[in-house]
Amino acid sequence: MKIAVLSDLHLGYARFEDDSYVQAACAVTDACAKADLILCAGDVFDVKIPKLETLKKAVDIFRNARVPIYAIHGNHERRARDMVNPAQLLSASSSLRLLHGESEIFEKDGEKVQVLGMGSVPEEYADDALKKIMERFRKEEGAVSILMLHQSIRELVPGGKDELSLDALEALPFDLIVNGHIHETVSMLGGRFLIPGSTVITQLKKDEMAPRGYFLYDTKTRKSEFVPIPSREFFYEEITFEGSGEADVGERVKELVGRIREKSPRAIIAIKLDGTLKGGLTGADIRIGSYADVFIDNRLNVESLGAKLQKIRSSREASLSMRDMALKELNSKTSGKITLFETSDLFEKLLSSPEDALDYLEKHNKKDSKQ
Ligand SMILES: [Mn+2]
C-alpha cells in the first residue's frame, strides 16, 4: 500500500494566498493519483476562522479526492474543546476524516493500516496528552501502525525543553510517525519519523529553499520518497557590505534580483543585508526600490555585540508563540487556585469572542451551584 503524507497547507495564507490554494490542490491531486490513503498532519487552514472563500477552496480541493484522507487539526486551527474548528467543518463537508485521540483502520487488498491521530495541543501538555491517548489506544493485530502528530520536536527547535522528544517518540510502538507543524522537510530515525513540510512558503527562511511536496510511504518496503510538487521557487540570499553607501546597496540588490528573476521570473526572494555602512549612515537610512515578492531583512550596521546577544535572546523566546507564552503565564499564575473552570478553555474563548467567554462562565457557574 502507498500512503501520501502531507502537511501544513495553510490555505488562505495572506502573503501568498494564491500559492496556498494552487500548491495544496496540486499536492492533493497528485497524492490521489499515487497513493491509496492520504494523511494530512494539521494546519490545513492558516487561521482558526477562515474566510468563506477559503473554506470554499478547501471544500473544492478535498471533496473531489478519490482516496480517503485522515487528518488532524494543527495549532493554527486549534480552538477550545466545545467549539468548532475549521478542520472539523471541512471533515463534515468532504471525505476528510478528522482524528483526535482516536485511531482509524484502513484496509485494502487484505492489507491493514491503523492510524492514531493527536491534534495539536500546547507544547507543555503534549507529553501528558500523548500518554493519555496511548493508554486508550488498542493496537490492531497485523496492521501497519502509524502515529500522526502536529507538535514541535525538542531536538529540532533552538532552546527546546517542553516539546516532545525524539527519544520518547522512538520508543513508541509505531511503524511510522508523521508530524506537521515544522515547515521544513525532515526524515529521521531511519525514515520512521517523517515531516513533509509546508506546501507553501510561509517563513522566508533559508531552509524553505528546498522544494515543497509530500512523502510517499510504501508499507511493503517501509521506505518513503519525497515527491516534489510544482511550486513557486524561493531564493534566500545574503549580501554583506563593508563601509558601503546607499547607492552601492541599492545597486547590489537590483543586480541580484535581476539575476534571479532572469532564470525564475515568478520567484519569491528574501535578501538579508548584513555588514557595515559608510560613516554616519545607519540601516534605517538605506532606501531600497520596491520589487514585488522581494523581502529585505536589513541588518546593516546593527552587529554590535549587544545587538548580537539581543538577537539570540529574542530568537529563543520567539520559538514559543505569543499565544503559548500567554497561556503558560496564565497557567503558572492560576495553577491550583482556580477550580471552577479550565483557565485554558476560558483563555481560548476570550480570544475567540467575549460573548463565548461569558457564556462559558455562566454555564460553569450553574454547574457549580447545582452540586
Ligand atoms: Mn503550520
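Q: Quick question: what am I supposed to make of the coordination of the manganese ion here?
A: Note on metal geometry: ideal angles are 109.5 degrees for four donors arranged tetrahedrally and 90 or 180 degrees for six donors arranged octahedrally. Protein-derived coordination of the manganese ion comes from Asp8 (OD), His10 (NE2), Asp43 (OD) and His183 (NE2), at a distance range of 2.1 to 2.4 Å. Linear spacing of the donor residues for the manganese ion on their chain is D-x1-H-x32-D-x139-H. We classify aspartate 8 as buried; its relative accessible area is 0%. Accessibility expressed as a relative area gives 1% for histidine 10, which makes it buried.

Q: Explain the packing of helix α1 (residues 17–34) against helix α2 (residues 52–63) here, please?
A: Angle between the axes and distance between the axes: these two values describe a pair of packed helices. Relative orientation of the contacting elements α1 and α2 amounts to 15°, with a least axis distance of 10 Å. Comparing their axes, α2 and α1 come out roughly parallel. When you trace α1 past α2, the crossing you get is right-handed. For the pair α1 and α2, contact is made by Glu17, Tyr21, Ala24, Ala25 and Val28 and by Thr54, Lys57, Ile61 and Phe62, respectively. Class assignment for the residues of the contact of α1 with α2 results in 6 nonpolar, 1 polar and 2 charged.

Q: For this particular structure, what's the right way to read the domain arrangement of the protein chain?
A: Quite often, the size of an interface is put as the accessible area lost when its parts meet. Segmenting the protein chain into domains produces domain 1 (2–228), domain 2 (234–318) and domain 3 (322–370). For domain 1 versus domain 2, the separation of C-alpha centres amounts to 34 Å. Contacts between domain 1 and domain 2 engage 9 residues on the former and 9 residues on the latter. Here domain 1 and domain 2 share an interface that buries about 850 Å² over both sides, 75% of which is from carbon and sulfur atoms. Between the two partners, domain 1 and domain 2, sit 0 salt bridges. In this structure, the connection of domain 1 to domain 2 is made through 0 residue pairs in polar contact (both at pLDDT 80 or more).

Calculation notes
Residues numbered from 1 in each chain as written. Predicted model: local features only at pLDDT ≥ 70, side-chain atom pairs only at ≥ 80, totals over all residues. Heavy atoms only, no water. Donors = N, O, S within 2.8 Å, 3.2 Å for Na, K, Ca; no water. Buried < 20%, exposed > 50% of the residue type's maximum accessible area, 1.4 Å probe, protein only. Axes fitted to C-alpha atoms, helices over the stretch in contact; angles between N-to-C directions. Helix = DSSP H or I, 4+ residues; strand = E, 2+ residues; numbered from the N terminus. Parallel < 35°, antiparallel > 145°, perpendicular 65-115°, else oblique. Left-handed = near helix turned anticlockwise from the far one by under 90°. Contact = heavy atoms within 4.5 Å. Nonpolar A, V, L, I, M, F, W, Y, C, P; charged D, E, K, R; others polar. Domains from an automatic or database assignment. Buried area = accessible area lost by both parts, 1.4 Å probe. Salt bridge = Lys/Arg side-chain N within 4 Å of Asp/Glu carboxyl O. Polar contact = N/O pair within 3.5 Å; in protein donor to acceptor, adjacent residues only side chain to side chain.

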